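Descriptive structure summary
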Amino acid sequence: MLDSTFNQAKAEAFSMGLVEVFNKSAIALALSIGHRVGLFAAMAKQPDLTSQQIAERAGLNERYVREWLGTMVTGRVVNYFPETLTYQLPDEHAAFLTDEGEYNFASGMQFVPVLAKVEDNLVECFRNGGGVPYSEFPRFHEVMAAESSQTVVAALEPHILPLVPGLTEKLEAGIEVLDVGCGSGQAMITLAAKYPNSRFAGYDFSEEGIARARNEAAAKGLTNVRFEVRDAAAIGETAKYDLITSFDAIHDQANPAGMLTSIEQALKPDGVYLIQDITGSSYLEKNYDRPASPWLYTISYSHCMTVSLADGGAGLGAMWGEEKCVEMLHEAGFQKVDLHHLEHDFMNTYYIATK
Ligand SMILES: C[S@@+](CC[C@H](N)C(=O)[O-])C[C@H]1O[C@@H](n2cnc3c(N)ncnc32)[C@H](O)[C@@H]1O
């Protein structure tokens with residue numbers, strides 16, 4: 001028997017929304033696969049093509065490509081011309097599904113299957129607490145490096161470095177730079193190549209991330225960058241660096257307070273700590289209308305929070321929020337903290353912290 005207050009129209013509208021969730025999550029997976037097998041690159045800037053032609057261009061099995069195109073067409077990603085049985089990726093869509101445009105969402109969608117891989121582990125954690133360690137996330141560092149090259153590397157020169165007045169001149173003259181939680185080292189490798197007079201370092205506790213960084217730096221013949229496996233909470237250096245950065249690397253730490261204190265200590269008295277971290281408020285109600293909140297809370301419990309808890313850590317999570325970040329920076333000894341929101345990267349806040 002339904003409650004008399006039960007609003008049937010509201011329930012039906014909600015259920016239609018849930019059908020959309022089925023569709024959108026299906027499209028997310030298809031975008032990720034399409035990116036990995038090169039289908040968007042094969043279709044971009046091409047006239048309409050048959051499924052056979054698309055499969056040949058991408059070097060793939062036609063039957064799979066044709067069914068995938070079914071998702072793409074009904075999902076309104078790709079146009080279909082039934083008279084000629086041909087398909088076409090509009091330029092406006094290719095601009096956000098390939099590496100040619102300002103952001104490749106198909107690459108970003110790879111996080112969906114990366115996170116889904118640990119569903120069984122998460123179910124266990126929901127029941128019994130604890131966490132899922134980094135080692136359980138296959139492809140994490142590879143997908144993170146792709147994300148970093150989009151949101152950080154491409155934006156360093158035009159958007160991020162100018163946040164610190166005079167920084168590019170100092171980098172040209174020669175300074176000491178450290179990136180904490182550097183992952184695959186994309187940012188330091190890019191800066192080391194651009195500023196040969198400066199010396200760069202990247203620390204991360206991931207052997208895989210550091211190996212990837214070292215290999216790339218060696219392949220590029222860079223001699224002014226080093227990468228080391230180190231715990232961010234125990235840097236153990238004093239007043240050494242002019243610039244320390246961390247890109248999306250505080251909130252998933254087991255000991256974020258220790259990391260910030262360690263960074264404050266490693267920074268010279270007039271040094272700058274430049275941080276990129278997920279945009280959001282520490283208060284749930286203030287995140288209600290932000291465009292990517294459900295996505296970010298999901299990334300949080302299924303990766304950022306759980307990897308920290310797996311290490312017996314604080315479990316801040318991706319949605320720790322600007323208020324908490326500023327509070328922790330002050331507690332670590334930073335007197336001045338400026339916040340910036342950059343147009344190219346609506347998912348992150350940039351902080352400039354000084355002693
Ligand atoms: C979200 S990833 C960001 C990686 C990189 N900064 C980027 O933007 O691609 C966070 C990084 O923090 C590293 N990390 C987590 N806990 C750490 C710890 N205790 N010490 C050093 N690195 C740590 C992880 O291994 C991972 O590479």
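The model shown is predicted, which means the values in this text are computed figures rather than measured ones. (Residues numbered from 1 in each chain as written. Predicted model: local features only at pLDDT ≥ 70, side-chain atom pairs only at ≥ 80, totals over all residues. Heavy atoms only, no water.)

Some points on the packing of helix α8 (residues 119-128) against helix α15 (residues 293-310)
Axis separation between α8 and α15 bottoms out at 11 Å; the angle between their running directions is 65°. In this view, α8 runs roughly perpendicular relative to α15, as classed from their interaxial angle. Two packed elements cross with a definite hand, and for α8 against α15 that hand is left-handed. For the pair formed by α8 and α15, the contact residues are Leu 122, Cys 125 and Phe 126 on the first element and Tyr 301, Ser 302 and Thr 306 on the second. (Axes fitted to C-alpha atoms, helices over the stretch in contact; angles between N-to-C directions. Helix = DSSP H or I, 4+ residues; strand = E, 2+ residues; numbered from the N terminus. Parallel < 35°, antiparallel > 145°, perpendicular 65-115°, else oblique. Left-handed = near helix turned anticlockwise from the far one by under 90°. Contact = heavy atoms within 4.5 Å.)

Quick notes on the sheet that holds strand β9 (residues 336-340)
Paired through backbone hydrogen bonds, the strands of a sheet run either parallel or antiparallel to each other. One open sheet accounts for 7 strands, arranged β6-β5-β4-β7-β8-β10-β9; its pairing is mixed. With one partner strand each, in any of the chains shown, β6 (225-229) and β9 form the two edges of the open sheet. Pairwise comparison of adjacent strand axes, ignoring direction, gives a mean angle of 15° for this sheet. Here strand β4 (residues 176-180) pairs with strand β5 (residues 199-204) via 5 bridges, running parallel. From the neighbouring strand, Val 177 faces β5, where its bridge partner is Phe 200. Contacts from helix α14 (residues 256-266) reach β4, β7 (241-247) and β8 (267-278), with the element oriented near 145° to β8. (Pairing = 2+ DSSP bridges.)

Some points on the sheet that holds strand β3 (residues 86-88)
The antiparallel open sheet is built from 3 strands, whose spatial order is β1-β3-β2. Both edges of this open sheet fall to β1 (49-50) and β2 (79-81), since each of them pairs with a single strand only. Judged from the 3 bridges that link them, β2 and β3 form a sheet pairing that is antiparallel. Note on β3: the bridge partner recorded for Asn 79 is Gln 88.

Some details on the packing of helix α1 (residues 8-36) against helix α4 (residues 62-74)
Each packed pair of helices is defined by two parameters, the angle between the axes and the distance between the axes. Running from N to C, α1 and α4 point in directions that differ by 130°, and their axes come no closer than 10 Å. One element, α1, and the other, α4, form an angle in the oblique class. Where α1 crosses over α4, the handedness of that crossing is left-handed. Residue-level inspection shows Ala 26, Ile 27, Ala 30, Leu 31 and Gly 34 of α1 in contact with α4, the latter providing Trp 68, Thr 71 and Met 72. A breakdown of the residues in the contact of α1 with α4 according to their chemical character gives 6 nonpolar, 2 polar and no charged. (Nonpolar A, V, L, I, M, F, W, Y, C, P; charged D, E, K, R; others polar.)

Digging into the nonpolar core
Counting 32 residues, the largest nonpolar core has Leu 156, Ile 160, Leu 171, Met 188, Phe 200, Val 225 and Phe 227 as the members making the most contacts within it. Put simply, the parts of the chain that give this core at least two residues each are α10 (156-160), α11 (167-173), α12 (186-194), α13 (207-219), β6, β7, β8 and β10 (348-354). With 5 residues, the top contributor of residues to this core is α12. Counting 26 residues, the second-largest nonpolar core is a separate cluster that includes Leu 178, Ile 244, Tyr 273 and Ala 332. (Core = buried A, V, L, I, M, F, W, Y, C linked by side-chain atoms within 4.5 Å. Buried < 20%, exposed > 50% of the residue type's maximum accessible area, 1.4 Å probe, protein only.)

Comments concerning the site of the ligand
The environment of the ligand is made up of 18 residues, and the closest members are Gly 181, Asp 204, Asp 231, Ala 232 and Phe 247. Between a nitrogen atom of the ligand and a main-chain N or O atom of Gly 181, the distance comes to 2.7 Å. One of the backbone nitrogen or oxygen atoms of Phe 205 is found 3.1 Å away from a nitrogen atom of the ligand. Taking 590 Å² as the accessible area of the ligand by itself, protein coverage stands at 96%. Ranked by residues supplied to the shell around the ligand, first place goes to helix α9 (residues 140-151) with 4 residues. When grouped by side-chain class, the residues that make up the shell around the ligand number 7 nonpolar, 6 polar and 5 charged. (Near = heavy atom within 4 Å. Polar contact = N/O pair within 3.5 Å; in protein donor to acceptor, adjacent residues only side chain to side chain. Areas by Shrake-Rupley, 256 points an atom, 1.4 Å probe, with all protein chains shown as cover.)

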